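Coordinate analysis (summary)
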Amino acid sequence: MPDTLLPVMPPADPPAPARSALMPLRVRDLTLQMRGQPLLDIPALDLDCAGTTVIMGANGAGKSLLLRLLHGLIAPSSGTIAWGGAAMSPAIARRQALVFQKPVLLRRSVAANLDFVLRARRAGTAEARDALLARVGLTHKASQPARLLSGGEQQRLALARALATRPDILFLDEPTASLDPAAVQSFEGIVSDIADEGTSVIFVTHDVGQARRMAREVVFLHQGRITEHSAAPRFFAAPQSRAARAYLAGQLPL
Amino acid sequence: MQDFGDAIGLALNLVLSGDADLFEIVLLSLRVSLTATAIACVLGLPLGAVLAVSRFRGRQAALVLVNALMGLPPVVVGLIVYLHLSRAGPLGFLGLLYTPTAMIIAQSILITPIVAALSRQVIEDLHGEYSEQFRSLALSRRQVVQALIWDARYSLVTVALAGFGRAVAEVGAVMIVGGNIDHLTRVMTTAIALETSKGDLPLALALGLVLMVLALGINAAAQSVRLTAARFAYA
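The residue numbering used here restarts from 1 in each chain and proceeds along that chain's sequence as written. All chains are assigned letters beginning with A, and all ligands numbers beginning with 1, in the order in which they are written. The model is predicted, so local features are restricted to residues of pLDDT at least 70 and side-chain atom pairs to those at 80 or more, both for listing and for counting; the totals for chains, interfaces and linings are taken over all residues. Only heavy atoms go into the side-chain values, all of them from the structure, while hydrogens and water stay out.

With an unreviewed UniProt entry as reference, chain B is termed Tungstate transport system permease protein, source organism Cribrihabitans marinus. UniProt positions are given in the numbering used here, feature names are shortened, and annotations may be inferred rather than shown by experiment. Quoted verbatim from the Subcellular location (unreviewed entry) field of UniProt, the annotation for chain B is "Cell membrane". UniProt annotates chain B under Sequence similarities (unreviewed entry) with the comment "Belongs to the binding-protein-dependent transport system permease family."

By the naming in an unreviewed UniProt entry, chain A goes by Tungstate transport system ATP-binding protein and is assigned to Cribrihabitans marinus. The Sequence similarities (unreviewed entry) field of the UniProt record for chain A holds the comment "Belongs to the ABC transporter superfamily."

Here is the structure:
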């Protein structure tokens with residue numbers, strides 16, 4: 001008796017994560033100059049995707065500056081930034097969080113670092129703190145001085161602290177640049193879960209492998225300008241700009 | 001005038017035998033200077049923190065003023081406090097002149113600028129490290145100041161100890177507003193000045209020894225605080 005053949009169905013695309021309430025992002029005619037030097041010139045940038053958007057580019061391309069502009073940490077020389085149809089404001093910045101390349105941890109215990117933010121946001125319960133510690137795998141380190149953690153643990157604590165603010169947008173500025181592969185994998189796993197839960201993640205990296213693993217969309221910056229903005233599969237399969245092609249080939253874009 | 005060796009021997013005997021007069025003077029010195037240090041910290045730490053994190057017109061002038069006030073001559077502070085507390089002064093009705101309270105007021109005025117200026121420097125350095133993170137967390141000015149004071153706590157203990165050291169060692173201000181009255185306002189420094197002028201070297205030397213031990217103790221405490229902080233990466 002022949003085996004019963006079941007119809008072969010193509011694997012379904014994973015469901016798209018929910019879109020953040022602060023989306024879409026609309027950037028228009030954005031420029032940034034410092035000491036007379038033009039650093040960024042972005043005529044238009046629209047982001048409306050759920051999940052993780054990766055901003056890529058070589059050192060000095062302006063990735064971190066763009067992130068700080070989008071978070072309101074620095075003011076543009078000209079142009080506008082609007083989130084969800086509203087101009088950038090302190091109220092919007094409160095609904096965003098940023099994890100820096102080098103974590104700046106308070107001179108306190110691991111738990112106290114989280115308690116500080118939870119209290120500041122009036123969300124301070126021991127249960128909330130313990131849940132965050134469990135999420136980043138630091139429950140067993142709760143009472144240790146934060147600055148004595150390993151680099152990977154410090155960055156996971158910085159991520160937990162960012163999550164304590166319950167952000168709609170999570171900015172990550174090369175957070176794994178100095179971590180070992182195991183720590184990178186652990187960090188990326190947590191970020192993927194966060195993105196799947198509906199927080200829009202904007203991730204700056206110059207690590208091509210990481211961008212392939214994390215990105216749904218890629219914004220490629222070269223010398224302060226966006227030379228490419230496309231869905232990640234398309235970007236990695238057929239980059240349109242010469243700078244992006246050179247970068248993905250491991251060459252210095254000129 | 002006694003031989004120096006005899007004087008040292010008598011001084012040690014006074015200290016080791018627990019001479020009541022000697023310890024009355026030492027305890028009053030500690031009470032006055034520790035209270036003045038506490039007041040200076042309550043006023044000076046927040047002032048230093050606000051100066052560290054605020055940007056306002058005239059800030060540079062304020063910093064110059066606070067730094068200059070670190071060098072206030074004790075006798076000038078004593079004179080100003082005396083003029084205010086004397087019978088004819090605006091605060092004469094309080095009847096505080098020649099009391100330990102007057103001495104506490106004078107020492108508080110003397111060391112508050114020291115605490116404010118040193119804490120401003122400590123907290124400004126820390127703020128430079130934290131400011132971008134704090135702005136990202138959208139903290140209020142009050143939350144920033146509280147967090148900075150707490151995180152700089154070990155360095156600020158050293159600042160407080162510096163203020164206490166200055167207070168307990170000064171003689172000019174407490175002499176003018178306290179009057180060096182036996183069993184009432186006599187502290188170590190004024191007693192040393194008086195006993196030396198009288199030629200009673202053992203008591204002066206004994207008090208000097210206690211002051212030196214205090215100075216050593218303060219430095220040892222400051223060093224211990226620094227080492228503890230470094231061990232836990234809290235420095």
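A word on the interface of chain B and chain A. Between chain B and chain A, the contact holds 21 residues from the first and 23 residues from the second. Summed over both partners, the interface of chain B with chain A comes to about 2000 Å²; 53% of that surface belongs to carbon and sulfur atoms. The term buried area means the drop in 1.4 Å probe accessible area that two parts suffer when joined, counted for both and summed. Of all residues in chain B, B:Q133, B:S136 and B:L137 bury the most surface against chain A, accounting for 27% of the area lost on that side. Here a salt bridge means any side-chain nitrogen of Lys or Arg lying within 4 Å of a carboxyl oxygen belonging to Asp or Glu. Where chain B packs against chain A, one counts four salt bridges. Taking the shortest distance from any N to any O, the salt bridge between A:R107 and B:E129 comes out at 3.0 Å. Identification of polar contacts relies on pairs of N or O atoms within 3.5 Å, with a donor-acceptor requirement for protein atoms, meaning one able to donate a hydrogen and the other able to accept it, and with residues adjacent in sequence counted only if both atoms are side-chain atoms. At the junction of chain B with chain A, the criterion picks out 14 residue pairs in polar contact (both at pLDDT 80 or more). Elements that contribute at least two residues to the side of chain B that touches chain A include exactly α5 (100-136) and α6 (141-151) of chain B. For the purposes of this entry, the term helix denotes a DSSP run of H or I that reaches at least four residues, the term strand denotes a run of E that reaches at least two, and both are numbered from the N terminus. The leading source of residues in the side of chain B that touches chain A is α5(B), at eight residues. Throughout this entry, Asp, Glu, Lys and Arg are counted as charged residues, while Ala, Val, Leu, Ile, Met, Phe, Trp, Tyr, Cys and Pro are counted as nonpolar. The remaining residues, Gly among them, count as polar. Here the side of chain B that touches chain A is built from residues that sort into 12 nonpolar, three polar and six charged. Residue contacts are counted whenever heavy atoms from the two residues lie within 4.5 Å of one another.

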